[in-house]
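Structure at a glance
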Amino acid sequence: MVDTHCHIDHCESPVPHLVTRARQAGVERMLAIGMTGDSCRHALAASDSHEEVFACLGRHPHESEGFDDAGLEELEELSSHAKARAIGETGLDYKRDYSPRADQRRAFVAQIELARKLDRPLVIHTRFAADDTLDLLARHADGQPVIIHCFSLTDRVEECIERGYYCSFAGNVTYPKATDLQRAAAAVPDELLLVETDAPFLSPQAYRGKTNEPAFVTKTAEFVAQLRGTTYEAIEQIVSANSARLFGW
């Protein structure tokens, strides 16, 4: 199994412990996400120390205030690392507005263009900003591999599928009241399906109340398998093949 999205710099346990427990659970790869310069460097350091860890480097919309050419140059330089495999997470978050929306949009477009320049997939965060997110992707990321992380666009799932976007489901798909999200997870075609933890956030139902970690992605995968009327082993093969195609590991 693969955890396609985790914030190991935010987790309580040291990275070696996280990796060991993930391995014991059958998780062979994990994509560590950068949201700032420091967290990008943390992800790369973890990838240097652990063969299971790869890095996705970006500037989160919450951290996009003042994002400029220097910030973009830093991302490009860090992305030259051999285990840097994607750009993100980037996107738009209008729920909290921790950064001005104009800055969010500017940083988002700049990172789309960087992904195109480097020929890397894009990992997208979108919250209460579906229209603007999908509009900017349509205008600037046509033909670029796109992953909608922690998928929440339940009323736009058909559009995402039509565009060929990968849809990555986190632990919240297992929550009893998440029926719209569950229907989306059942509808996404095999070739666009991913699972993730978003650790340390959104622990799956089996671990509610505990800090999430990469090892727990197996519980989300088990639940998604049930939704889709298939086996855990089949989901494992699907997610492993899709992530290998995307991230080149």
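Structure first, text after, so check above.
Within any chain, residue numbers begin from 1 and follow the written order of that chain's sequence. For a predicted model such as this one, the threshold for reporting local features is a pLDDT of at least 70, and the threshold for listing and counting side-chain atom pairs is 80 or more; totals across whole chains, interfaces and linings nevertheless cover every residue. No hydrogens and no water enter the side-chain calculation; it runs on all heavy atoms of the structure.

1. Remarks on the overall build of the protein
We count a stretch as a helix when DSSP gives it H or I for four or more residues in a row; a strand needs E for two or more, and each element gets its number in order from the N terminus. A tally of regular secondary structure across the protein gives 9 helices and 8 strands. For 249 residues, the compact-globule formula gives about 18 Å, and the C-alpha radius of gyration of the protein, at 17 Å, lands near that figure. Taken over the C-alpha atoms alone, the protein extends approximately 45 × 40 × 30 Å along its principal axes. We call a residue buried when its accessible area falls under 20% of the maximum for its residue type, exposed when it is over 50%, and partly exposed in between, using a 1.4 Å probe and counting protein chains only. Here the protein holds 249 residues, and the buried ones make up 57% of them. Contacts were defined at the residue level, with two residues in contact if any of their heavy atoms lie within 4.5 Å. Across the protein, the fraction of contacts at a sequence separation of at least 24, relative to all contacts at a separation of at least 6, is 72%. The Shrake-Rupley method, run with a 1.4 Å probe sphere, supplies the accessible areas, and residue values consider only the shown protein chains as cover. With the model as given, the accessible surface of the protein reaches about 10500 Å², and the carbon-plus-sulfur share is 46%. The averaged location of the 39 negative side-chain charges in the protein is 3 Å from the averaged location of its 26 positive side-chain charges. Every radius of gyration here is taken over C-alpha atoms, with the globule rule written as 2.2 Å times N^0.38, N being the number of residues. For the purpose of counting charges, residues Lys and Arg are taken to be positive, whereas Asp and Glu are taken to be negative. His and the chain ends are not included. For the purpose of locating charges, the reference atoms are NZ of Lys, CZ of Arg, CG of Asp and CD of Glu.

2. Side note on the environment of Asn242
Position of Asn242 relative to the elements: it lies in helix H9 (residues 232-247). Excluding its chain neighbours within four sequence positions, the residues that come into contact with Asn242 are Tyr166, Asp190, Glu191, Leu192, Leu193 and Leu194.

3. Quick notes on the nonpolar core
Most often, soluble globular proteins keep nonpolar side chains buried together rather than apart. One finds Met1, Leu122, Leu137, Phe151, Phe169 and Ile235 to be the most contacted residues of the largest nonpolar core, which totals 81 residues. If you tally residues by element for this core, the top one is helix H4 (residues 101-118), at 7 residues. Sequence-distant contacts of Leu122, defined by excluding residues within four places in its chain, comprise Ile87, Thr90, Gln111, Ile112, Ala115, Leu137, Ala141, Gln144, Pro145, Val146 and Ile147. Side-chain atoms within 4.5 Å are what join buried Ala, Val, Leu, Ile, Met, Phe, Trp, Tyr and Cys residues into a set we call a nonpolar core.

4. Topic: the packing of aromatic side chains
Here is the rule: rings of Phe, Tyr and Trp (six-membered ring for Trp) pair when centre to centre is within 6.5 Å. Planes less than 30 degrees apart are stacked, more than 60 are edge-to-face, and the remainder are tilted. This model, assessed by the stated rule, comprises 4 aromatic pairs. Judged by centre distance (4.9 Å) and plane angle (50°), the ring pair of Phe54 and Trp249 falls under tilted. Taken together, the residues Phe54 in strand E3 (residues 53-57) and Trp249 in the segment after H9 connect sequence positions 195 residues apart. A relative accessible area of 6% places Phe54 in the buried class. Between Phe151 and Phe169 the ring centres are 5.4 Å apart and the planes differ by 50°, which places this aromatic pair in the tilted class. Of the two residues, Phe151 is situated in the loop between strand E6 (146-148) and helix H6 (157-163) and Phe169 in strand E7 (residues 166-169); the sequence distance between them amounts to 18 residues. Of the two residues, Phe151 and Phe169, neither departs from the other in class, the shared state being buried. Every member of this aromatic cluster is reached through a ring pair, and the members are Phe54, Phe247 and Trp249. Whether a charge sits over a ring depends on NZ of Lys or CZ of Arg being within 6 Å of the ring centre and within 35 degrees of the ring normal. Here the guanidinium or amino end of Arg101 rests over the ring plane of Tyr94, the centre of that ring lying 4.0 Å away. In this structure, Arg208 is placed above the aromatic ring of Tyr175, and the distance from its NZ or CZ to the ring centre is 3.8 Å.

5. Things to note about helix H3 (residues 69-78)
Three or more residues of H3 are buried, namely Gly71, Leu75 and Leu78. End-on view of H3: buried residues confined to an arc of 70°, all on one side of the axis. Residues of H3 that are exposed and point over 90 degrees away from its buried face: Asp69, Glu73 and Glu77. Its buried side turned inward, H3 meets helix H2 (37-49), E3, strand E4 (84-93) and H4. By construction, the arc corresponds to the directions joining the helix axis to the C-beta atoms.

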